[in-house]
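# Remarks on the overall topology
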There are 2 protein chains.
Amino acid sequence: MSRQPVADLEEIRSRIDARMRRIKRRMLILSGKGGVGKSVITANLALALAMRHDGEKIGILDGDLTGPSIPKILGARGQALSAGPPGIFPVEGPLGIKIVSIDNLLPEDDTPVIWRGPLKSRAIMDFLSEVVWGELEYLLVDLPPGTGDEALTIAQSIPRVDGVIIVTIPSDLSQFIVRKAVSFCRRLELPVLGIVENMSWLVCPNCGAEISVFMHGGGEKISTEMGVRLLGRIPLDPNICKASDAGEPYLFTYKESPAAQEFLRIANEIELILEAG
Amino acid sequence: MSRQPVADLEEIRSRIDARMRRIKRRMLILSGKGGVGKSVITANLALALAMRHDGEKIGILDGDLTGPSIPKILGARGQALSAGPPGIFPVEGPLGIKIVSIDNLLPEDDTPVIWRGPLKSRAIMDFLSEVVWGELEYLLVDLPPGTGDEALTIAQSIPRVDGVIIVTIPSDLSQFIVRKAVSFCRRLELPVLGIVENMSWLVCPNCGAEISVFMHGGGEKISTEMGVRLLGRIPLDPNICKASDAGEPYLFTYKESPAAQEFLRIANEIELILEAG
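Below is a summary of the structure that appears in this document. This is a predicted model, so every value here is computed, not measured. (Residues numbered from 1 in each chain as written. Chains lettered and ligands numbered in written order. Predicted model: local features only at pLDDT ≥ 70, side-chain atom pairs only at ≥ 80, totals over all residues. Heavy atoms only, no water.)

## Side note on the layout of surface pockets
All names here are of chain A. We apply this condition: Both site types are read off a 1 Å grid over the protein atoms alone. A 1.4 Å probe that fits but cannot get out defines a cavity, while an open set with protein on both sides within 12 Å along at least five of seven lines defines a pocket; lining residues have an atom within 4 Å of a point. Grid points are joined across faces, edges and corners, and a volume is the space filled by probe spheres set on the points. Secondary structure counts use DSSP, requiring at least four H or I residues in a row for a helix and at least two E residues in a row for a strand, with both numbered from the N terminus. Nonpolar residues are Ala, Val, Leu, Ile, Met, Phe, Trp, Tyr, Cys and Pro. Charged residues are Asp, Glu, Lys and Arg, and all others, Gly as well, are polar.
Looking at the second largest pocket, its volume works out to about 160 Å³. Every residue lining the second largest pocket is counted, 13 residues in all, and those nearest its centre are Val203, Pro235, Leu236, Asp237 and Pro258. Secondary-structure elements contributing two or more residues to the lining of the second largest pocket are strand 10 (202-203) and helix 10 (258-276). In terms of residue class, the lining of the second largest pocket is built from 11 nonpolar, 1 polar and 1 charged.

## With respect to the sheet that holds strand 7 (residues 136-142) of chain B
Note on sheets: strands pair through backbone hydrogen bonds, and any given pair is parallel or antiparallel. All names here are of chain B. We apply this condition: Two strands are said to pair when DSSP picks up at least two bridges between them. Contacts are assigned to residue pairs that have any heavy atoms within 4.5 Å of one another. Throughout, an axis means a line fitted to C-alpha atoms (over the contacting stretch in the case of helices), and angles, computed between N-to-C directions, take values from 0 to 180 degrees.
What the 8 strands build is an open sheet, ordered 5-6-2-7-1-8-9-12; its pairing is mixed. Either end of the sheet is taken by a strand with one partner, and the two such strands are strand 5 (91-92) and strand 12 (230-233). In terms of strand pairing, strand 2 (residues 58-62) meets strand 6 (residues 98-100) through 3 bridges, oriented parallel. Counterpart to isoleucine 60 in the pairing with strand 6 is isoleucine 99. Those strands touched by helix 2 (residues 38-52) are strand 1 (23-30), strand 2, strand 7, strand 8 (163-168) and strand 9 (192-197), and its axis lies near 170° from that of strand 7.

## Digging into the packing of helix 4 (residues 117-130) of chain A against helix 5 (residues 149-157) of chain A
Residue and element names in this part refer to chain A. The condition is simple: In this scheme the handedness of a crossing depends on how the near helix is turned from the far one: anticlockwise by less than a right angle means left-handed, clockwise means right-handed.
Following both chains from N to C, one finds helix 4 and helix 5 inclined at 35°, their axes separated by 9 Å at the closest point. Crossing of helix 4 over helix 5 shows right-handed handedness. For the pair formed by helix 4 and helix 5, the contact residues are Gly117, Lys120, Ser121, Ile124, Met125 and Leu128 on the first element and Asp149, Glu150, Thr153, Ile154 and Ser157 on the second. For the contact of helix 4 with helix 5, a count of residues per class yields 4 nonpolar, 4 polar and 3 charged.

## As for the interface of chain B and chain A
Rule in force here: Values labelled buried area give the accessible surface lost by two parts on being combined, using a 1.4 Å probe and summing over both. In what follows, salt bridge is the name for a side-chain nitrogen of Lys or Arg lying within 4 Å of a carboxyl oxygen of Asp or Glu. Polar contact is the term for a pair of N or O atoms within 3.5 Å; when the atoms are in protein, one must be able to donate a hydrogen and the other to accept it, and sequence-neighboring residues count only if both atoms are side-chain atoms.
The partner chain A presents 58 residues to the 58 residues of chain B that form the contact. Of the roughly 4900 Å² buried between chain B and chain A on both sides combined, carbon and sulfur atoms contribute 64%. Seen at the junction of chain B and chain A, the total is 4 salt bridges. A:Lys72 is the partner of B:Asp172 in a salt bridge, and the nearest nitrogen-oxygen pair spans 3.1 Å. The tally of links from chain B across to chain A stands at 18 residue pairs in polar contact (both at pLDDT 80 or more). Broken down by secondary-structure element, the contributors of at least two residues to the side of chain B that touches chain A are helix 3 (70-73), helix 4 (117-130), helix 5 (149-157), helix 6 (172-187) and helix 8 (238-246) of chain B.

## Comments concerning the sheet that holds strand 8 (residues 163-168) of chain A
All names here are of chain A. Taking strand neighbours across the sheet as the criterion, the 8 strands line up as 5-6-2-7-1-8-9-12 in an open arrangement whose pairing is mixed. Edge positions in the sheet fall to strand 5 (91-92) and strand 12 (230-233), since each of these pairs with one other strand and no more. Packed on one face of the sheet, helix 10 meets strand 1 (23-30), strand 7 (136-142), strand 8, strand 9 (192-197) and strand 12 and runs near 170° to strand 12.

## Description of the nonpolar core
How we decide: Among buried residues, the Ala, Val, Leu, Ile, Met, Phe, Trp, Tyr and Cys ones that are joined through side-chain atoms within 4.5 Å form a nonpolar core. Burial classification: accessible surface area is computed with a 1.4 Å probe over protein chains only, and a residue below 20% of its type maximum counts as buried, one above 50% as exposed, and the rest as partly exposed.
Residues A:Phe214 and B:Phe214 are the most contacted members of the largest nonpolar core, which totals 193 residues. The residues contacting B:Phe214, other than those within four sequence positions of it, are A:Met199, A:Phe214, A:Leu236, A:Cys241, B:Ile169, B:Pro170, B:Ser171, B:Met199 and B:Leu236.

## Brief notes about the relation of the copies chain B and chain A
Quick note on the threshold: The least-squares superposition of copies is restricted to C-alpha atoms, and to residues with a pLDDT of at least 70 in both copies.
Taken as rigid bodies, chain B and chain A are interconverted by a rotation of 180° and an axial shift of 0.0 Å, the fit giving an RMSD of 0.0 Å. The superposition operator between the copies reduces to a two-fold rotation axis. A shared binding surface is used by both copies, with 100% of the interface residues of chain B retained as interface residues in chain A.

## As for helix 2 (residues 38-52) of chain A
Applicable threshold: A helix is expected to span 1.5 Å multiplied by its residue count minus one.
For helix 2 of chain A, with 15 residues, the first-to-last C-alpha span of 21 Å sits near the 21 Å given by 1.5 Å per residue. Of all 15 residues making up helix 2 of chain A, 13 are buried, and the element is well covered by its neighbours.

## So, unusual backbone geometry
Here the phi dihedral of A:Leu95 falls at roughly 65°; this positive angle occurs in a residue that is not glycine. Relative to the assigned elements, A:Leu95 resides in the loop between strand 5 and strand 6 (98-100). With relative accessibility at 45%, the residue A:Leu95 sits in the partly exposed group. Phi is positive for B:Glu189, close to 55°, though the residue is something other than glycine. Looking at the element boundaries, B:Glu189 is found in the loop between helix 6 and strand 9.

Just distances and angles here, no functional claims.
Now the structure itself:
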């Protein structure tokens, strides 16, 4: 075997190109800061898009290798990724959504992925080049928090990113770090589609009062300051956490809730923006 | 200059040793998942320890290079790290707490740190080997979420870690990822001191009802399952977010609040555990 590493890399890139060419829209979901609910937003936007298209035409790549949570949120844990001559086959989520996550490769719950950057980048490249997505309308890539190796590798490896959705919560502290995410996109020339503000307010289940748990107005503020569209504001609904814990698709179980309605509205707006493109 | 990289690394390690020898207790604050309030917990535990010792005897190393938030939470932004012949001097937080964060090196708010793993590891090594902490009672190292490069480098570079505090929120989804953090510590033979459950419940400011925003009981559950002590449970107090946004030390501004009291109690318990050693 005398194959050169450079040839290897070129081959990988051309395989990624071939896979991505069959996907109509490639979206990244990013946040500067962890715990703002990025994976929950990704999962529910995928559900909303799956209701507008065929579920099998929607794919989610869980780019978070150390804290993979997409399969848990969508009730797709326990299924294992399989491989054949054409490549790696995704597992199946609700409505037939195609999911690829390192969680579907790990032997048990507690197994930590203790990998340094280069190994993580390699795993991401493998996912991009080897997964048999088939024809997709949308591939949503859930990036890990921050602007580190995985985010860089994905941003540089996907031939054309159609849009980045940035997730934040209202607090100033979160804004300050989300600004870095917007700058990250601009430096890498990734088109920012807009911001989704999550956990915007909480309705007290006892008295109905609106509580600003994580302050108020951060999404609007950063939207104005950075010149980025505010796609929507998702209220903090304890049922989102409950559904995610149970692996039930929130958008179906609580479809009349204000948060579910907002997810549907945001998915609609995303499609309008992309079509106007 | 013909110095070998290996000699370099040995020299760095011996410099780290010399710095760390002057620190009585070296603590890591870790979470598998982002956004569970790890930095807020670190900052407030540092304040609680500073009230029990001299504030100048408490140091915080902000190990989060892509989302540094310690200076913001403790109102120490705007100060710049300075360097002299003995090394890098920390900036000063409330009560004289010594803080080192990459935030105190960045030119402006929006600047993202777009570094791959090896560069981040090197920056962490520099902080460990070059910062002039002087004599400290406690050094708290706020690790970035996950079990990636920074966490690995810090865990492997600090000669003796006295204890790791793992931060979580009550939800199952969070537990599932925190289990990985506990396993990470065990593999690297780091002593886990215990778990702090954050955002445990919210008291409605209107009617006083206790709301389980992120489910209930996760901290206790993981504590039992993994055989790790539950150090305490911090309620979700919107004033924590408010104070952190304003850079006011929460523990002083809201010292009668249940959350502040719990921080003080946890700090006391940590000291008792370490003394019982």
